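Observations on the model geometry
Here is what each chain is made of, one letter per residue.
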Amino acid sequence: MVQYSLAQSPEIIINVPGKDSAKARDKAMDQLMELMDAGELPTELEEGFSPQQLIEIKEPITDTHSREDEITQAVQVLSNLASLKLKVQESRTEALEIRKAIDILFSDKSVTEEEITYLKEGFKVLKNFAQANLRYQEARSKAEQARQVLDQALKSPE
């Protein structure tokens, strides 16, 4: 159900089934014409009033809706945290091995071409792990608040 009003007469509310559309506005115009013909419209409308001039009345966002949105966001934040945690865990072992291998660059010992190739390929893994770990740490701090939102929503009334 969509509701329309007029800027000239905000007390007039016209109800039309469905969503806001050109067809719904046309139906509202038909109702408006009936009101005018019946003499129930307190305002004189200028010639050329169009359906686009009807003002859609939107329902105010209720506290329940905003709480539901908050819960939805909290679940999304926690889902993101879970994905990041898994990604960090999967790449941690390989990244730590590559990190140990970096020490060879700082020693006086000679290195082989294979060792350098292994390191160069491993830098991407190391970078991906480090970035995922940073995102995980940030997501974890946001998730604390999300957990509190869910705990509050799950609390049973006593």
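Residues numbered from 1 in each chain as written. Predicted model: local features only at pLDDT ≥ 70, side-chain atom pairs only at ≥ 80, totals over all residues. Heavy atoms only, no water.

If you check helix H3 (residues 113-154), its first and last C-alpha atoms are 58 Å apart, about what 42 residues at 1.5 Å a residue would give, namely 62 Å. If you check which residues of H3 are buried, you get Leu119, Gly122, Phe129, Ala132, Tyr136, Ala139, Ala143, Ala146, Val149 and Leu150. (Helix = DSSP H or I, 4+ residues; strand = E, 2+ residues; numbered from the N terminus. Expected span 1.5 Å × (residues − 1). Buried < 20%, exposed > 50% of the residue type's maximum accessible area, 1.4 Å probe, protein only.)

Sheet strands associate in pairs through backbone hydrogen bonding, adopting either a parallel or an antiparallel arrangement. The strand order across the open sheet formed by three strands is S2-S1-S3, and the pairing between neighbours is antiparallel. Across the chains shown, the open sheet's two edge strands, defined by having one partner strand only, are strand S2 (14-16) and strand S3 (55-57). Adjacent strand axes in the sheet meet at a mean angle of 35 degrees, parallel and antiparallel pairs treated alike. With three bridges connecting them, strand S1 (residues 2-5) and S3 associate as antiparallel partners. Bridging across to S3, glutamine 3 finds its partner in isoleucine 57. (Pairing = 2+ DSSP bridges. Axes fitted to C-alpha atoms, helices over the stretch in contact; angles between N-to-C directions.)

Right, let's get into the environment of proline 51. By the element assignment, proline 51 lies in the loop between helix H1 (22-37) and S3. Sequence-wise, proline 51 and aspartate 26 are 25 residues apart; in three dimensions their C-alpha atoms are separated by 6.2 Å. Excluding residues that lie within four positions of it along the chain, proline 51 makes contacts with Arg25, Asp26 and Met29. (Contact = heavy atoms within 4.5 Å.)

We now examine the nonpolar core. Counting residues in each nonpolar core, the largest one holds 13 residues, and the members touching the most others are Tyr4, Val16, Leu32 and Leu54. Counting residues per element, this core draws most heavily on H1, which supplies four residues. Leaving out residues up to four positions away in the same chain, valine 16 has contacts with Met1, Val2, Tyr4, Ala24, Lys27, Ala28 and Gln31. Among the nonpolar cores identified, the runner-up in size contains nine residues, and Leu81, Val88, Phe129 and Ala132 belong to it. (Core = buried A, V, L, I, M, F, W, Y, C linked by side-chain atoms within 4.5 Å.)

Turning our eyes to something else, we now look at a negative patch on the surface. Judged by side-chain charge, Asp26, Asp30, Glu34 and Asp37 come together as a negatively charged surface patch. Positionally, aspartate 37 belongs in helix H1. By relative accessible area, which is 70% here, aspartate 37 ends up exposed. (Patch = residues over 30% accessible without salt bridge, like charges linked within 9 Å, V, L, I, M, F, W, Y side chains within 5 Å. Areas by Shrake-Rupley, 256 points an atom, 1.4 Å probe, with all protein chains shown as cover. Salt bridge = Lys/Arg side-chain N within 4 Å of Asp/Glu carboxyl O. Lys, Arg positive; Asp, Glu negative; His and termini not counted. Charge placed at Lys NZ, Arg CZ, Asp CG, Glu CD.)

Another aspect to go through is the environment of glutamine 53. Structurally, the position occupied by glutamine 53 is in the loop between H1 and S3. Taking the relative accessible area as the measure of exposure, glutamine 53 reaches 41% and is therefore partly exposed. With 46 residues separating them in the primary sequence, glutamine 53 and alanine 7 have C-alpha atoms 8.1 Å apart.

Scanning the entire structure with this criterion turns up three salt bridges. Across the pair glutamate 144 and arginine 147 runs a salt bridge whose closest N-O atoms are separated by 2.7 Å. You can see glutamate 144 and its partner arginine 147 sitting in helix H3, three residues apart, about one turn around the helix. By relative accessible area, glutamate 144 is classed as partly exposed at 36%.

Moving on, we come to H1. For an α-helix the count is 3.6 residues per turn, leaving residues at separations of three or four pointing the same way. Taking 1.5 Å per residue as the helical rise, H1 with its 16 residues ought to reach 22 Å, and the 22 Å between its terminal C-alpha atoms agrees with that figure. Buried-residue contacts for H1 involve S1, S2 and S3. One or two steps after H1, the chain reaches glycine 39, where phi turns positive at roughly 75 degrees.

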